[in-house]
Each structure stands twice: as C-alpha cells, then as structure tokens.
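Geometric and topological summary
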Amino acid sequence: MKSLRDMFERIEVKNQLCTGEVREANCDVSIWMRSCEKEILQPIDGTVTGTVPEWLRGSLLRNGPGNMKFGNMKFKHLFDCSALIHRFSIADGKITYQNRFLQTKAFKKNSSANRIIVTEFGTKAVPDPCHSIFKRVSSVFNPSECWSDNALVSIYPIADQYYAFTEVPVIHRIQPDTLKTLQRINVSNYINIVNHTSHPHIDKDGTVYNLGMTLQPAGPRYIIIQFPRTSSKYDDNNNNITQEDDSNNLWKDKRRKDASGTGEDRSAFEEARIVGSVPVRWTLYPSYMHSFGMTQNYFIIVEQPICVSAVKAAACIIANDPVVKTFKWFEKEKTMFYVISRATGKLVRSFSAEAFFYLHIINQYEDQGHIVIDICCYKNPSMLDCMYFDALKNASSNPNYAKMFRGRPLRYILPMGKIPNNKNTNLVKLPTARATAFQQSKSTVSLFPELLSNIGCETPRINYDRCGGKKYRYFYAISSDVDLENPGTLIKVDTVNRTRKLWCEPNVYPSEPVFVAAPNARREDDGVVLSALVWGGQYVNKVALLILDATTWTEIARSEFITHGPVPKCLHGWFIPSQ
C-alpha cells in the first residue's frame, strides 16, 4: 500500500536526480496571456505541408480564454478571460481558420462599459452601478444567474446542436459554421441545479448525461441528469424546423411530443430528467467537480476534498467577490468514489482514497467484476494558483512553480464483488493490476493507485466513440510538466505496456489532442489526432492545425496561418465530421 503523497515525493526526487537540481519552469507563459484584438469572422486559408488524408473532412471547434483585459482593466486569472471560439474547417485537403467571441452576458456588459464590471472566477469587478446591493442579495436565491456566464471551457453536442460549457449551468448554443452565438440556455430552468460539469458523457444513441448538484430540503445532492436525443424547435438560424428539414439529420430521427398532446416538439432540455443521485458528504461544503465517469452499468462520481463553501458563496455574491474565495481544501480528508447504478439510479458502493485534486478523468470501464478508472491527479489544488497571471509572469523565477503544477495519470481499481472480512487481502483480482484495494472497516474500502506514466498529462482524450466507458488501451494528452526540456509536448500513452510516445517541436505549444477515427478502422488507434498549435515569443499571430498519425505518432500534415492579431491558446473542443 503506497501512499499517494509518497508517490509524488518520489517523482520529485527522481526529477532532481536526473537533473542534479530543482528544475524551474521552462514554459513560455506568454501563450496564455494573449488577447484576441480582432475576430476572424471570415475563414482564412492556411499553408499546408504534408498530405491531409482525403477522408478527413469536418470542423474542429475549440474553446478557451480569448482576452485578458477590457479597456485598462486586466483579469487576474486565466479562467476569467472571455470565451473565444475557434474553428478549423477541413475539406478536400485544405484547411481554413476563423475565430469569434462568445456573446455572453458578461462579455456584452464588459464590452459596453469598456471595463470589467462582471466578477469572474479570480477577478473582482468594478461594481455595476445598475446592480444594487438589494439585487445582489436577491440573486443569492438564483445562483445560476448571479455568477458570470462566461462559458470558456468546452464544447459538446446536445441533440442536434452545439453548446459552449462551463461549470455554471448556463450554456450557449453556437452555429458551427459561422461561430455565431445563437441562444443562451439556463439549464436550471429545466432541472433544479446549482452547477454542472464542463464534461458531459454522450451515449451511442446521442443521449447526453451530466453531473450536477441540486438543493433539496434534506440537503444538497449530486445528481446525474439525462438529456435524451430529441429534435430541436429551431435550426441554426433560429428558423422553425419542418419535417422535411430534419428528415436527413441523424440527430433528429426521434421526435418527442409534449404531454398535452398538441404535437409540439419538446427540446432535450424540456425532456431532461434526473436518473441518479447521492447526497453530498458535507452539507455546507459540496465538492468542486469538473468531470465524472460513466460505464455501461454505472455512473462514477469522484468527490474530491476541494469544496465550495456554501456560506462563503452567499457572502461572495453579496460582496461581489470572486468565486475562488469560496474554495476550501480539506487536505486531511479522503477523496470518495461513489458508484451509482444506471439501472436504478441508486448508490451501489462507495470507496475512499488519499486526498487528491483532479480536473479530468481519462476513461473508465468494467473488467471482471471491477471498475477501472484513470484520472489525471495532483497532490493538491495548487495548480489553480499557478494560473493567476501574476504567478504566470513569475513562473520562471519561482523554484516551486513546476512542483505546484506536478500531476500524473493514475489508475484506481474499484472491486465490485463480495468483500471478505479480511483487512490484509488485496481485493483487486485483475491479473496484471498494480493498483490495490483493502478493506479498512465493514463499510470502508480504501483504494491505492498505480502510475500509468511518469509524465504530467492533461486534457486527455481517447477514441471516445469506440472506447468511451469501455476497456481501452491508448489515451492522448498534452504535457503538464512545465519544466520539461520542451514543455510543449503531445503524449500518447499505452496503458497496457506502460509505454509512451512523444511529439514536440521547439517553441511550439499544442492544445488538447482530439482523435478522429479512420473510415472502417480496425484498431483503436487507427486514425489521426488533431491539435491546434501556437508559437511562443514574438510569433503571437501564428496558429496552425497539426495532424498526427495516431498509430505511429508522427506528423503527416499541418496547416499554418498568419493572422492579423494575437491568437491565444485554447482549452477543449469537439470535432464535427462532415456528412
């Protein structure tokens, strides 16, 4: 039984032994501190090198921080910047690029005032004179509308539409071709939730599931929300959809009628329902969650001990303070794993592990009476502090910066079979498993992870269509080790052989690697990986789309663009294949 803390300490010692000294941050942090000064509304052509596969056709949409200031006022944290949507369009061996700001309420208010008047994750805004103390007090009872709606994290489909997400349950529908913001949806108007994750799961039939939190008389609960595949009332231009319009759309072949029998189409949000729940461990301290797990038979909620103080949240709303002030890290508490049956919606079993912080679950699957779940883990949430702009500016001179950002991909294995009354028996029975689980008491099973690869991995992606929630072998990620010789590294990890392949280029910083399967693919990694590239230093107006062979991890093509202004680095996105 190896301590997680000991594991991270051994990693640091090993790093120092390799270099003979504590390694400082080697990343050009300016890539995160750029502001888009002028949108690219019309697609521009790129210069292609190599050969783009003939079968690769579609749009790669990206989301992320787009600017760090309004007027003379600057945001303090990376997560505060206004959402900028990027699009790479691929067809006939050619690639175009465009970008556009998401037209959120926060963006419109700040733009109109030419200063920051909406408080964000880490930035306290100048009070809006139209927003009195009485309005702020009343907004405590409508939390989904009192926080910023700046949805800068991810993009996911719901039914036949595409939405920009963040943790606040206000999402924005975008038009994939023009990147116009079409509609603002407050999910809490349909399901009683305070927040939800930025990373839903999508079943083969198009049904979407997300994890949220609701407030009930008995206390807060984590809930799993189902958004069924259904038709939308409007097309991307807000025109009424006719039966003829949707007859050729794969997502619109199931139409649902309202209970009154009038025959009107009901949206996925109107059809949303709760399909599982579990109570929050600490009533006044619900956990912060960015992602969750889903297999064929289970939902897995990983409740980490970084929490949002309910009392401080209400105080922050009234005082107009940033969200980050509500966070509290319970270092000595456990991280909990809750397994919920998809059939009944009830808690089946819970597990505990030494405290860790995470943003992204890589994948999860069932295997011979076990649930295997792989997570990008950190010893604590100090990496959030690393993304303040002041911390970024001083990263190279801070000897602890790289250590604060140190994360590793870990595997936890949850035994679902009968538990013997023996504390000395490893409950994990998978033949090649290195992760362990031991009974600590009648109701408690403690998990101890195994290291998948000794390199920092973030924004992980897999062959989701084939392996999401199923047994898999490969995942793709970007490096989170800012002290690597080349921190701009793309990583392919083989979870079976525990090997990895790296791609990097001097002064180049890739984004989340998105896998696209080849037609009639026979292997899990038969396809390509797409990643948006930006350059450090003076190359602020250069961006590219990289295409790697997912099997060999070698470059087969790229398209480079010279823009009329700076291009910031993005976070997450979605690939939409052409029909």
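Remember, predicted model here, so these are calculated numbers, not experimental data. (Residues numbered from 1 in each chain as written. Predicted model: local features only at pLDDT ≥ 70, side-chain atom pairs only at ≥ 80, totals over all residues. Heavy atoms only, no water.)

1. Regarding the overall build of the chain
A count of helical and extended segments in the chain gives 10 helices and 38 strands. Taking all 579 residues of the chain together, the buried fraction comes to 58%. Of the contacts made within the chain by residues no fewer than 6 positions apart, 64% connect residues no fewer than 24 positions apart. For the chain, the accessible surface area stands at approximately 24,500 Å², while carbon and sulfur atoms represent 49% of it. (Helix = DSSP H or I, 4+ residues; strand = E, 2+ residues; numbered from the N terminus. Buried < 20%, exposed > 50% of the residue type's maximum accessible area, 1.4 Å probe, protein only. Contact = heavy atoms within 4.5 Å. Areas by Shrake-Rupley, 256 points an atom, 1.4 Å probe, with all protein chains shown as cover.)

2. A look at the pairing of strand β8 (residues 154-158)
Each regular strand shows side chains that alternate between the opposite faces of the sheet. For β8, the tally of buried residues reaches 5 of 5 residues, placing the bulk of the element in the interior. Sheet topology places β8 next to strand β9 (residues 161-165); 5 bridges connect them, and they run antiparallel. Bridge pairing links tyrosine 156 to tyrosine 163 in β9. Counting the residues between successive antiparallel strands, the hairpin from β8 to β9 contains 2 residues, one of them, alanine 159, with a positive phi of roughly 55°. (Pairing = 2+ DSSP bridges.)

3. Focus on the confidence of the model for the chain
Of the residues in the chain, 88% reach a pLDDT of 70 or more, and the chain-wide mean stands at 89. Low pLDDT, under 50, characterises residues 136-140; the stretch is placed with 10 contacts to residues that sit more than four places away or in other chains. Residue range residues 232-264 is modelled with pLDDT below 50. Its contacts to residues more than four positions away, or to other chains, number 58 contacts. (pLDDT = per-residue confidence, 0-100.)

4. Brief notes about the pattern of salt bridges
Pairs can form between side chains of opposite charge whenever their charged atoms are close. One pass over the full model with this rule turns up 21 salt bridges. Residues aspartate 367 and lysine 471 are paired through a salt bridge, measuring 3.4 Å at the closest nitrogen-oxygen approach. Placement of the pair is aspartate 367 in strand β23 (residues 357-367) and lysine 471 in the loop between α10 (464-467) and β30 (474-479), with a sequence separation of 104 residues. The partner of arginine 558 in a salt bridge is glutamate 505, with the nearest N and O atoms 2.5 Å apart. Placement of the pair is arginine 558 in strand β37 (residues 554-562) and glutamate 505 in the loop between β32 (499-504) and β33 (508-510), with a sequence separation of 53 residues. For arginine 558, a relative accessible area of 5% translates into the label buried. (Salt bridge = Lys/Arg side-chain N within 4 Å of Asp/Glu carboxyl O.)

5. Description of the sheet that holds strand β29 (residues 457-461)
Strands sit in the order β29-β30-β31-β32 across an open sheet of 4 strands; the sheet is antiparallel. With partners counted over all chains shown, the strands left at the sheet margins are β29 and β32, one partner each. In this sheet, adjacent strand axes meet at a mean angle of 30° when their direction is disregarded. Relative to β30, β29 runs antiparallel, the two sharing 3 bridges. (Axes fitted to C-alpha atoms, helices over the stretch in contact; angles between N-to-C directions.)

6. Concerning the side chain of histidine 77
Residue position: histidine 77 is located in the loop between β5 (73-74) and β6 (83-91). Side-chain polar atoms of histidine 77 contact the backbone oxygen of leucine 384, separated by 2.8 Å. With residues up to four places along the chain from it excluded, the contact list for histidine 77 reads Phe121, Gly122, Thr123, Leu384, Met387, Tyr388 and Phe389. (Polar contact = N/O pair within 3.5 Å; in protein donor to acceptor, adjacent residues only side chain to side chain.)

7. Examining unusual backbone geometry
We note that asparagine 320 has phi near 65°; this positive angle belongs to a residue other than glycine. The backbone phi angle of arginine 498 is positive, close to 60°, even though this residue is not glycine. For arginine 498, the position within the fold is in the loop between β31 (489-494) and β32.

8. Regarding the packing of aromatic side chains
If you walk through the whole model with that rule in mind, you get 27 aromatic pairs. With a centroid separation of 5.3 Å and an interplanar angle of 25°, the aromatic rings of phenylalanine 356 and tyrosine 412 are classed as stacked. Within this pair, whereas phenylalanine 356 is found in the loop between β22 (347-354) and β23, its partner tyrosine 412 is found in strand β25 (residues 407-415), the two being separated by 56 residues in sequence. A relative accessible area of 0% places phenylalanine 356 in the buried class. Seen from their ring centres, tyrosine 365 and tyrosine 472 are 6.1 Å apart, and the 75° between their planes marks the pair as edge-to-face. Of this pair, tyrosine 365 sits in strand β23 while tyrosine 472 sits in the loop between α10 and β30, and the two are 107 residues apart along the sequence. Residues tyrosine 365 and tyrosine 472 agree in their burial class; the two are buried. By way of ring pairs, the aromatic residues Phe70, Phe75, Phe101 and Phe107 are connected into one cluster. Lying across the ring of tryptophan 282, arginine 281 places its NZ or CZ 4.2 Å from the centre. (Phe/Tyr/Trp six-rings, centres within 6.5 Å; stacked < 30°, edge-to-face > 60°. Lys NZ or Arg CZ within 6 Å of the ring centre and 35° of its normal.)

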